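Structure assessment
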Amino acid sequence: MNQPHSGKPRFSSRVVFHSLPKVLLWCAGVLGALIEGIFIASFILDEPLRKYMENKLNNDLKGYSVRLPAAHFQLIGLTMTLKGLTVYQDAHPKPSIAQFPVLRAGVHWREILSGRLVA
């Protein structure tokens, strides 16, 4: 059954969005699209970056070879994750010299922004 109107205003998402300036909504939309684009781009760059790194390491190492099955670079936060990195000696490939299941490198933003030396 219908209840009588109590006189209090009802809030809905339509009222809230119409009360915000359109410029603010556009800025939020553009920022959201930019973050989504950066997120997607980080996955698109993974395979070319993995191939480049593997080729560069193999060209620079003499007498050794490197196998890198997967790499992921996160543009937000500037973090690099290498998965399954294996180093072999060309003359004696088995057993491998070193195996790294997961190797992560990133930027320590808090320390850098506070002026501390990070290694």
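Scroll up for the structure.
Since the model is a prediction, treat every value here as computed from it, not as a measurement.

Here we take up a nonpolar patch on the surface. A surface patch of nonpolar side chains, about 470 Å² in accessible area, is lined by Leu 78, Trp 109, Ile 112, Leu 113 and Val 118. Structurally, Leu 78 can be placed in the loop between β2 (70-74) and β3 (79-89).

Moving on: the nonpolar core. Within soluble globular proteins, side chains that are nonpolar tend to cluster in buried spots. Met 53, Val 66, Leu 68, Ala 71, Met 80, Leu 82, Leu 85 and Val 87 together form the largest nonpolar core, which totals eight residues. If you tally residues by element for this core, the top one is β3, at four residues. For Leu 82, the contacting residues outside a window of four places in its chain are Met 53, Leu 68, Ala 70, Ala 71, Pro 101, Val 102 and Leu 103.

Between Lys 94 and the following residue, Pro 95, the backbone shows a cis peptide bond with an omega angle of 0°. For Pro 95, the location among the structural elements is in the loop between β3 and β4 (98-105).

Geometrically, a packed helix pair is captured by the angle between its two axes and the distance between the axes. Direction vectors running N to C along helix α2 (residues 22-44) and helix α3 (residues 46-60) enclose 40°, while the axes themselves pass 5 Å from each other. The angle between α2 and α3 falls in the class oblique. Of the residues in α3, those touching α2 at Ser 42, Phe 43 and Ile 44 are Asp 46, Glu 47 and Pro 48.

The rules we used
Residues numbered from 1 in each chain as written. Predicted model: local features only at pLDDT ≥ 70, side-chain atom pairs only at ≥ 80, totals over all residues. Heavy atoms only, no water. Patch = residues over 30% accessible without salt bridge, like charges linked within 9 Å, V, L, I, M, F, W, Y side chains within 5 Å. Areas by Shrake-Rupley, 256 points an atom, 1.4 Å probe, with all protein chains shown as cover. Salt bridge = Lys/Arg side-chain N within 4 Å of Asp/Glu carboxyl O. Helix = DSSP H or I, 4+ residues; strand = E, 2+ residues; numbered from the N terminus. Core = buried A, V, L, I, M, F, W, Y, C linked by side-chain atoms within 4.5 Å. Buried < 20%, exposed > 50% of the residue type's maximum accessible area, 1.4 Å probe, protein only. Contact = heavy atoms within 4.5 Å. Axes fitted to C-alpha atoms, helices over the stretch in contact; angles between N-to-C directions. Parallel < 35°, antiparallel > 145°, perpendicular 65-115°, else oblique.

Interpretation in functional terms is not warranted from these geometric data alone.
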